Amino acid sequence: MLNRDVSLDSRPAGRTVRLPWLRVLLVGGVALAAGLPSFAQDARTAATTTSGGACPDDNGGLKLPHGFCATVFADKVGHARHLVVAPNGVVYVNTWSGTYYGNDTPPDGGFLIALQDTSGKGHADVNVRFGDTVKTGSAGGTGIALYHGALFAEMNDRIIRFALPAGALAPMGKAETIVSGLPLTGDHPMHPFAIDANGALYVDLGSATNSCQKENRTANTPGLKPCTELETRGGIWRYDANQTGQVFSPAGRYATGIRNADGIVLDAAGTGLYATQHGRDQLGDNWARLYTPKQGAELPAEELLSVQKDADYGWPECYYDGMQNKLVLAPEYGGDGGKAVGECADKRAPVAAFPAHWAPNDLTIYSGKQFPAAYQGGAFIAFHGSWNRAPFPQGGYNLVFQPLSNGKASGKYVIFADGFAGAHKEPGRAEHRPSGLAVGPDGALYVSDDQHGRIWKITYSGDAAAKLESVSPASPSVGTAAGTKAKPPEGLHKDAGAAAASALPVPPGATAKTVALGQRVFTGQAGGALCTGCHGSDGSGSPLGPDLTAGKWVWSDGSLPGIKQTIVNGVPAPKNYRNPMPPMGGAQLSPSQVSAVAAYVWALGRRPK
């Protein structure tokens, strides 16, 4: 199914659209549109856009190094995950839906999008949606790639392949299934992938749990040993992009011990495989006797891995301590708060590490020629942003550049782009969250956002010999939480939110003092719970947890005793969200703290509008 954006064509969504003005040449097996600006002309246009003053003053809301310019290539296209750019400059995007986004209504049409800029101004003026829709049972996906003139995409539990026929911007026929049966349950149901020059298809299968506990995300619960989940999750699987009808099985595992490799890419030569690792959560929440809240915010580091066949990268038994620069034993497996190493001495360490909980959602190795030489061969990493650094400020929501040489880090990372989140770096309130990266044929860098569906195109027209430049302080450095002196709402203060708490209604049998204590528990200033991570600092919800201010209750009748019981029991199987809520938010709350936070949540749901 294919439909064209209504701003370009008023015909009903779902009607096949042919683009007669596109004459397509097949070059190297990939469809290229004749009559469009040549690659050299694209590069000249990009340079003129920047140096000629046509670049927006605000760079599409981003902070960039000198000489770089960002334009909003497309906007409000849905929850845009990963993307890829064809040799003719057409940008293909995969979008996702479902519980992670509060089950909101996706745009009409297919979850896959073809975008094209025919004017050379840095904005897509052609927008075509295609592929499966909600009506055909799809929820979209994350992974997307081009190989041998065909478009590959993740869709539900499958990796599918579309032919790109001559005369069409987007596929018009049905997709073939390359591999099916990929796991969809648990904490990490996405399937990002990469394809090498020989057609080896590397697929990430993220873990179903945080740390392979018998009861997921539950305080003081040991890990399963052996972790049988590793037979089908927590690693990278390899298939053949040239073969249809493959079915997922444990036999396809290529590398193991990788909790969640949302970013996965081949190097410029197409032979070296890299992946980012989302480090595990809740060291401080689930193991309060071993870790302080600050350590919970600072550990473990996020990782950039060089992925080798049959290598073991440590999850769930190990995590990477960025302060000690080594893998250490996880508390679920006998760890003592970071001293013991044990079996982790034999696991594969990362080639680079980054601050905890920044959430690296994608990476690309820069192979273009437009950017300065300092960027050649290095890795751009899109950090989606944290939810679980409370009670300290959240971090990430930026784009980082990591220099690489011979498969290893060759210098410290710099923050290449910032400003995506706007005023609030937290999941529910961020304006945008970086999710996908791709390099175009002219060397431009494309960045997608899965919060509100924006795509930026970043170009360069400055000095070719320019050095790396960080647009924001690189803190928190690995292992160091920053911003603890920041003022609300980005930071915490002993009086933060006090006025708001005093203005809330008080439930029967409670006092205003109880509600104020509840707010301190909710925001992590007492008790160590991570309520704000899922429900937002103001309780208005996020992709991870419901809006508590709406007065709608799923697990109780909304009474004070009902809310209290939900907090005590947790929500092991949410109806509308992907991750469970552990009992007492994963903390060890006292009875008075439980009563207080219940009173605060009751008050949030009845706050005057």
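Cut-offs used in this document
Residues numbered from 1 in each chain as written. Predicted model: local features only at pLDDT ≥ 70, side-chain atom pairs only at ≥ 80, totals over all residues. Heavy atoms only, no water. Pairing = 2+ DSSP bridges. Helix = DSSP H or I, 4+ residues; strand = E, 2+ residues; numbered from the N terminus. Salt bridge = Lys/Arg side-chain N within 4 Å of Asp/Glu carboxyl O. Buried < 20%, exposed > 50% of the residue type's maximum accessible area, 1.4 Å probe, protein only. Disulfide = S-S within 2.5 Å. Axes fitted to C-alpha atoms, helices over the stretch in contact; angles between N-to-C directions. Parallel < 35°, antiparallel > 145°, perpendicular 65-115°, else oblique. Contact = heavy atoms within 4.5 Å. Nonpolar A, V, L, I, M, F, W, Y, C, P; charged D, E, K, R; others polar.

1. Here's the deal with the sheet that holds strand β16 (residues 246-247)
Argument step 1. Read across the open sheet, the 5 strands follow the order β9-β10-β11-β12-β16; overall the sheet is mixed. Since the sheet does not close on itself, it has two edges, and those belong to β9 (144-147) and β16, each with one partner.
Argument step 2. Where strand β10 (residues 150-155) lies against strand β11 (residues 158-163), 6 bridges are found, and the strand directions are antiparallel. Bridge assignment links Ala 150 to a residue of β11, and that residue is Ala 163.

2. Observations concerning the pattern of salt bridges
Argument step 1. Enumeration according to the criterion identifies 16 salt bridges in this entry.
Argument step 2. With a shortest N-O distance of 2.9 Å, Arg 81 and Asp 450 are connected by a salt bridge. A residue pair is termed long-range when its members are at least 10 positions apart, and Arg 81 in strand β5 (residues 79-85) and Asp 450 in the loop between β31 (445-449) and β32 (455-460) qualify at 369 residues. Pair check on accessibility: Arg 81 and Asp 450 agree, each one buried.
Argument step 3. Its salt-bridge partner being Glu 332, residue Arg 280 comes within 2.6 Å of it at the nearest N-O pair. Of the two residues, Arg 280 is situated in the loop between β19 (273-277) and α2 (283-286) and Glu 332 in the loop between β22 (326-329) and β23 (352-354); the sequence distance between them amounts to 52 residues. Accessibility assignment for this pair places Arg 280 and Glu 332 in one class, buried.
Argument step 4. One salt-bridge network, in which partners are shared between bridges, spans Asp 187, Arg 217, Arg 259 and Asp 281.

3. A closer look at the state of the cysteines
Argument step 1. Under the defined criterion, the tally for this structure stands at 2 disulfides.
Argument step 2. Across the disulfide, Cys 212 is cross-linked to Cys 227 (sulfur-sulfur distance 2.0 Å). The S-S bond linking Cys 212 to Cys 227 shows a torsion near 100 degrees; that makes this disulfide right-handed. A residue pair is termed long-range when its members are at least 10 positions apart, and Cys 212 in the loop between β14 (200-205) and β15 (235-240) and Cys 227 in the loop between β14 and β15 qualify at 15 residues.

4. Focus: the pairing of β31
Argument step 1. Within β31, 5 of the 5 residues are buried, which leaves it mostly tucked inside the rest of the structure.
Argument step 2. Burial along β31 is two-sided: the face carrying Leu 445, Val 447 and Asp 449 and the face carrying Tyr 446 and Ser 448 are both buried.
Argument step 3. Taken together, the 5 bridges between strand β30 (residues 434-439) and β31 define a ladder with antiparallel strand orientation. Paired with Val 439 across the two strands is Leu 445, which belongs to β31.
Argument step 4. A loop of 5 residues connects β30 with β31, the two strands running antiparallel in sequence, and Gly 443 in this loop sits at a positive phi of about 90 degrees.
Argument step 5. Sheet topology places β31 next to β32; 4 bridges connect them, and they run antiparallel. Along β32, the bridge assignment pairs Val 447 with Trp 456.
Argument step 6. In this antiparallel pair of consecutive strands, β31 and β32, the connection spans 5 residues, and Gly 453 shows a positive phi of 75 degrees.

5. Let's talk about the packing of helix α5 (residues 512-522) against helix α8 (residues 591-604)
Argument step 1. Here α5 crosses α8 at 95 degrees, and the two axes come no closer than 7 Å. Relative to α8, the element α5 is oriented roughly perpendicular. Contacts between α5 and α8 pair Thr 514, Val 515, Leu 517, Gly 518, Gln 519, Val 521 and Phe 522 from the former with Ser 592, Gln 593, Ser 595, Ala 596, Val 597, Ala 599, Tyr 600, Val 601 and Ala 603 from the latter.
Argument step 2. Looking at side-chain class alone, the contact of α5 with α8 contains 10 nonpolar, 6 polar and no charged residues.

6. Quick look at unusual backbone geometry
With the exception of glycine, the majority of residues adopt a negative phi angle, and the majority of peptide bonds are in the trans configuration.
Argument step 1. At the junction of Leu 299 and Pro 300, the peptide bond is cis and its omega measures out at -10 degrees in the coordinates.
Argument step 2. Within the secondary structure, Pro 300 is located in the loop between α3 (293-298) and β20 (302-307).
Argument step 3. Residue Pro 391 is bonded to the preceding Ala 390 through a cis peptide linkage, with omega at 10 degrees.
Argument step 4. Locating Pro 391 in the fold gives a position in the loop between β25 (379-383) and β26 (398-402).
Argument step 5. One non-glycine residue with positive phi stands out, namely Lys 76, at about 55 degrees.
Argument step 6. One can find Lys 76 in the loop between β4 (68-74) and β5.
Argument step 7. Owing to a relative accessible area of 71%, Lys 76 belongs among the exposed residues under this scheme.

7. So, the pairing of strand β6 (residues 91-96)
Argument step 1. In terms of residue burial, β6 counts as a mostly covered element, since 6 of its 6 residues are buried.
Argument step 2. The alternating pattern of β6 places Val 91, Val 93 and Thr 95 and Tyr 92, Asn 94 and Trp 96 on opposite faces, both of which are buried.
Argument step 3. Here β5 runs beside β6; their pairing, made up of 5 bridges, is antiparallel. Note that in β6 the partner of His 79 across the bridge is Trp 96.
Argument step 4. Connecting β5 to the antiparallel partner β6 that follows it, the hairpin turn spans 5 residues, and Gly 89 within it adopts a positive phi of roughly 90 degrees.
Argument step 5. Note that β6 and strand β7 (residues 112-116) share 4 bridges and pair antiparallel.

8. Let's talk about the environment of Pro 107
Argument step 1. Of note, Pro 107 is situated in the loop between β6 and β7.
Argument step 2. Taking relative accessible area as the criterion, Pro 107 reaches 34% and is therefore assigned partly exposed.
Argument step 3. Taking the C-alpha atoms as reference, Pro 107 lies 6.2 Å from Gly 78; in sequence the two are 29 residues apart.
Argument step 4. Apart from the residues lying within four places of it in its own chain, the contact partners of Pro 107 are Val 77, Gly 78 and Arg 129.

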